[in-house]
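Observations on chain architecture
One-letter residues, chain by chain:
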Amino acid sequence: MFNQKPAFIKSTTVLEECPPPEIPEVCFAGRSNVGKSSLINALLNKKKIARTSNVPGKTQQMNYYKVGDDFYLVDLPGYGYAKVPKKERERWGQNIRSYLMDRQNLKLVLHVVDARHDPSRLDEDFFYWMAMNEKPFSVLMSKADKISRNKVNQSKAKVRRVLKEMNIEVPIIPYSADNRDGIEEIRSLIKEFINH
Ligand SMILES: Nc1nc2c(ncn2[C@@H]2O[C@H](COP(=O)(O)OP(=O)(O)OP(=O)(O)O)[C@@H](O)[C@H]2O)c(=O)[nH]1
Ligand SMILES: [Mg+2]
């Protein structure tokens, strides 16, 4: 599946302008700068099909990437980006919620957190909201290359505990977009949900 040619399709801010829901899709959510766009590049084996930056707030729209004729990967703008004015942030929150709730062909939401930090209040709210709405999601932990394997395992255990407290049990996968650890596992997870 992932050996097919990827193509950038479009950017949009609202559900109504998303491509026709004829093939399944998977989206990437999480705070700004956590590594969502870099992960899409790693999954698609492209250096810069998705634009990345070391400055938070790079991705400002939903960006659609089509893999062969099979499925879409959707890069979402990060949240928690302070520079965006409050009004705009609220509007954006509403757009994203309606996308997450109502997009018919959305098979899986991949929520990215930084492996070096505990999940934030916003992350926890997101987990809770996904579970309440019975949306299939998984937690991916980025930048695992920046800490020891031991620390990665500790972080993973912490995320599992946080989820457990909310009675949520979902896959948790640490990875690195830099050294590609975990990338195959994420591809397998995506395939599983796409074929469902
Ligand atoms: N070491 C390391 N750096 C990473 C990894 N993933 C992303 N980065 C770096 O983190 C920074 C942010 O990455 P992006 O992919 O642009 O983050 P984003 O989540 O798309 O950010 P927004 O578009 O602002 O929401 C960039 O400097 C990346 O090079 C990783 O797995 N390891
Ligand atoms: Mg981005």
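Residues numbered from 1 in each chain as written. Chains lettered and ligands numbered in written order. Predicted model: local features only at pLDDT ≥ 70, side-chain atom pairs only at ≥ 80, totals over all residues. Heavy atoms only, no water.

If you check an unreviewed UniProt entry, the chain appears there as Probable GTP-binding protein EngB from Gracilimonas mengyeensis. As stated in UniProt under Sequence similarities (unreviewed entry), the record for the chain gives "Belongs to the TRAFAC class TrmE-Era-EngA-EngB-Septin-like GTPase superfamily. EngB GTPase family." (UniProt positions renumbered as here; feature names shortened; annotations may be inferred.)

1. Things to note about the overall build of the chain
For the chain, the helix and strand inventory stands at five helices and seven strands. From first element to last, N terminus to C terminus, the chain shows the α and β order β-β-α-β-β-α-β-α-β-α-β-α. For the chain, whose C-alpha radius of gyration is 16 Å, the value lies close to the compact-globule estimate of 16 Å for 196 residues. Reported as C-alpha extents along the three principal axes, the dimensions of the chain are approximately 45 × 40 × 35 Å. Contacts in the chain between residues far apart in sequence, at least 24 positions, make up 72% of those at least 6 positions apart. (Helix = DSSP H or I, 4+ residues; strand = E, 2+ residues; numbered from the N terminus. Rg over C-alpha atoms; globule rule 2.2 N^0.38 Å. Contact = heavy atoms within 4.5 Å.)

2. Looking at the site of ligand 1
For ligand 1, the set of nearby residues contains 22 residues, the closest of which are Lys 36, Ser 38, Gly 57, Thr 59 and Asp 145. Take Val 34: an N or O atom from its main chain is 3.3 Å from an oxygen atom of ligand 1. Here ligand 1, which alone exposes 650 Å², has 89% of that area covered by the protein. At a threshold of 2 Å from the grid points, most atoms of ligand 1 map onto the second largest pocket. Classifying every residue of the shell around ligand 1 by side-chain character gives three nonpolar, twelve polar and seven charged. (Near = heavy atom within 4 Å. Polar contact = N/O pair within 3.5 Å; in protein donor to acceptor, adjacent residues only side chain to side chain. Areas by Shrake-Rupley, 256 points an atom, 1.4 Å probe, with all protein chains shown as cover. 1 Å grid on protein atoms, 1.4 Å probe; cavity = no way out; pocket = protein on both sides within 12 Å on 5 of 7 lines; lining within 4 Å. Sits in = over half its atoms within 2 Å of the grid points. Nonpolar A, V, L, I, M, F, W, Y, C, P; charged D, E, K, R; others polar.)

3. Concerning the nonpolar core
It is characteristic of soluble globular proteins that their nonpolar side chains tend to be buried jointly. Core analysis: the largest hydrophobic core is formed by 30 residues, its most contacted members being Tyr 99, Val 109, Phe 137, Val 139 and Leu 163. Elements with a contribution of two residues or more to this core: β2 (25-30), β3 (62-67), β4 (71-75), α2 (86-102), β5 (106-114), α3 (121-132), β6 (137-142) and α4 (149-165). Not counting residues within four places of it along the chain, the set of residues in contact with Val 109 comprises Cys 27, Ala 29, Leu 100, Phe 126, Met 130, Pro 136, Phe 137 and Ser 138. One finds Phe 2, Val 34, Leu 140 and Ile 190 within the second-largest nonpolar core, a separate group that totals 25 residues. (Core = buried A, V, L, I, M, F, W, Y, C linked by side-chain atoms within 4.5 Å. Buried < 20%, exposed > 50% of the residue type's maximum accessible area, 1.4 Å probe, protein only.)

4. Examining the sheet that holds β6
Pairing is mixed in the open sheet, where seven strands are placed in the order β1-β3-β4-β2-β5-β6-β7. Only two strands of the sheet have a single partner each, and these edge strands are β1 (6-12) and β7 (172-174). Taken pair by pair, the neighbouring strands of this sheet meet at an average axis angle of 25°, ignoring direction. Looking at chain direction, β3 and β4 are connected through five bridges and run antiparallel. Bridging across to β4, Tyr 65 finds its partner in Leu 73. (Pairing = 2+ DSSP bridges. Axes fitted to C-alpha atoms, helices over the stretch in contact; angles between N-to-C directions.)

5. Thoughts on the pattern of salt bridges
Following the criterion strictly, the structure yields six salt bridges and no others. Residue Lys 86 pairs with Glu 90 through a salt bridge whose shortest N-O separation is 3.5 Å. Here the residue Lys 86 and the residue Glu 90 both occupy positions in helix α2, the gap between them amounting to four residues, near one helical turn. When its relative accessible area of 40% is taken as the criterion, Glu 90 is described as partly exposed. Between Asp 118 and Lys 158 there is a salt bridge, and its shortest N-O distance comes to 3.7 Å. Placement of the pair is Asp 118 in the loop between β5 and α3 and Lys 158 in helix α4, with a sequence separation of 40 residues. Asp 118 sits in the exposed class, given a relative accessible area of 52%. (Salt bridge = Lys/Arg side-chain N within 4 Å of Asp/Glu carboxyl O.)

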